[in-house]
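Structural features, examined
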Amino acid sequence: MAARGRRPPPRRRRRSGGSDLTSRIVVAIPAIAFAVTIIYFGGATFALGALALGLVCIHELFAMLERMRPVRLAGFLGIGGLVAAAALGDEGSVLLALVAFLPVLFLLTVASPVRERISLSLAATVLGVYWIGLGLAHAVLLRGLDHGGALVFMVLLGTFLGDTGAYLGGRAFGTRRLAPRISPNKTWEGLGIGVIVCVLAVWYTSRTYDGSWIGGTDGLLLGLAVALAAPVGDLFESLIKRDVGTKDTGGLFGVHGGALDRLDAALFSLVAGYHVWQATLS
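Description of the structure in this document.

Helices and strands together make up the secondary structure of the chain, namely nine helices and two strands. In the chain, the order of α-helices and β-strands from amino to carboxyl end is α-α-α-α-α-α-β-β-α-α-α. Reported as C-alpha extents along the three principal axes, the dimensions of the chain are approximately 85 × 60 × 30 Å. Residue burial in the chain is summarised as follows: out of 282 residues, 40% are buried. In the chain, 71% of the contacts between residues at least 6 apart in sequence involve partners at least 24 apart. Of the roughly 15,800 Å² of accessible surface on the chain, a fraction of 64% belongs to carbon and sulfur atoms.

Right, dumping it as structure tokens:
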């Protein structure tokens, strides 16, 4: 009778925040090692690494857009052509490769046995090549500049730390949603913290390099470009995933998604970083 009125012991709440952050860090370690390796060696190593990532990313995108029947071979050739043009040429070569992609896409499309929804097939394929291919081509162009290894490192560091700052800042202080119909968990407070962290990270890193090749103002401008472009890239991918009704683009990084999930922000920040840096040189 005495035990009848006893309440069961309260259940312990799972503290998912810390474990989730730990998982993010563990997953990031091999990705960081891969990035540091190809950035350090540069040249063909960096281009081949970028190409490998590009092929994985466009494969993930085409899997999401399967109902639109993208022309896979044309997409793979487009990614390869843009990366090769950036590695072997310059901005003009990348533009030429992009122009040449359209007739190649046309020929491969008409040679395909599928004759339904061709316009959607073309649109899905162009989206993948334009989005992923141009982002990686700019990464190769940036690495090919003087001090390109340091520049790519700073852009990626700012992108990663800015995203981490936005994630932690949003969890701690976020109250106002940034884009509820695209990505409900993102907040204006998180965005602000992420921007500040990114700018400071790029600026501080620029101050640690010997020599006078990068000034403090240039570091701030580069950091600001990365800080503003990276969240747009993140939201861009979120919009596509929400439209097709999927949470992650793939499973390369386990529960934390695919390669495109990890590179979405960088595909925008690398483009912005390259052009802003070129502007500072002129």
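Past the structure itself, the notes keep going.
The next subject is the side chain of Thr 187. Its place among the elements puts Thr 187 in strand S2 (residues 183-187). A polar side-chain atom of Thr 187 sits 3.0 Å from the main-chain amide nitrogen of Gly 190. Setting aside chain neighbours within four positions, we find Thr 187 in contact with Gly 170, Gly 174, Thr 175, Arg 176, Arg 177 and Leu 178.

Attention shifts here to the environment of Asp 163. Considering the arrangement of structural elements, one finds Asp 163 in helix H6 (residues 148-173). Take Asp 163: its relative accessible area is 34%, and that puts it in the partly exposed class. C-alpha separation for the pair Asp 163 and Val 232, spaced 69 residues apart in sequence, amounts to 11 Å.

Another point: the pairing of S2. Across a regular strand the side chains alternate sides, sitting on one face of the sheet and then on the other. Bridge count for strand S1 (residues 177-179) against S2 is two bridges, and the pairing is antiparallel. Across the sheet, Arg 177 pairs through a bridge with Thr 187, a residue of S2. Between S1 and the antiparallel strand that follows it, S2, lie three residues.

In this section: the packing of helix H8 (residues 216-244) against helix H9 (residues 259-281). Orientation of H8 relative to H9, taken along the N-to-C sense of each, is 145°, at an axis distance of 7 Å. Considering the relative orientation of H8 and H9, their crossing is right-handed. Of the residues that constitute the contact of H8 with H9, the class distribution is 14 nonpolar, four polar and six charged.

As a further point, take the nonpolar core. Of all hydrophobic cores here, the largest spans 56 residues; its most connected members are Leu 61, Val 94 and Ile 132. In terms of residues, this core owes the most to one element, helix H5 (residues 118-143), which gives eleven residues. Sequence-distant contacts of Leu 61, that is, excluding residues within four places in its chain, are made with Gly 128, Trp 131, Ile 132, Ile 240 and Leu 260.

Another aspect to go through is a nonpolar patch on the surface. Taken together, the side chains of Ile 196, Leu 200, Trp 203, Tyr 204 and Leu 220 define a hydrophobic patch exposed on the protein surface, amounting to about 520 Å² of accessible area. Top contributing element to the nonpolar patch by residue count: helix H7 (residues 188-207), with four residues. Within the fold, Trp 203 resides in helix H7. Given the relative accessible area of 33%, Trp 203 is considered partly exposed.

Here we take up unusual backbone geometry. Backbone geometry at Arg 69 places phi at a positive 55°, although glycine is not the residue there. Along the polypeptide, Arg 69 turns up in the loop between helix H2 (43-64) and helix H3 (72-88).

Cut-offs applied
Residues numbered from 1 in each chain as written. Predicted model: local features only at pLDDT ≥ 70, side-chain atom pairs only at ≥ 80, totals over all residues. Heavy atoms only, no water. Helix = DSSP H or I, 4+ residues; strand = E, 2+ residues; numbered from the N terminus. Buried < 20%, exposed > 50% of the residue type's maximum accessible area, 1.4 Å probe, protein only. Contact = heavy atoms within 4.5 Å. Areas by Shrake-Rupley, 256 points an atom, 1.4 Å probe, with all protein chains shown as cover. Polar contact = N/O pair within 3.5 Å; in protein donor to acceptor, adjacent residues only side chain to side chain. Pairing = 2+ DSSP bridges. Axes fitted to C-alpha atoms, helices over the stretch in contact; angles between N-to-C directions. Left-handed = near helix turned anticlockwise from the far one by under 90°. Nonpolar A, V, L, I, M, F, W, Y, C, P; charged D, E, K, R; others polar. Core = buried A, V, L, I, M, F, W, Y, C linked by side-chain atoms within 4.5 Å. Patch = residues over 30% accessible without salt bridge, like charges linked within 9 Å, V, L, I, M, F, W, Y side chains within 5 Å. Salt bridge = Lys/Arg side-chain N within 4 Å of Asp/Glu carboxyl O.

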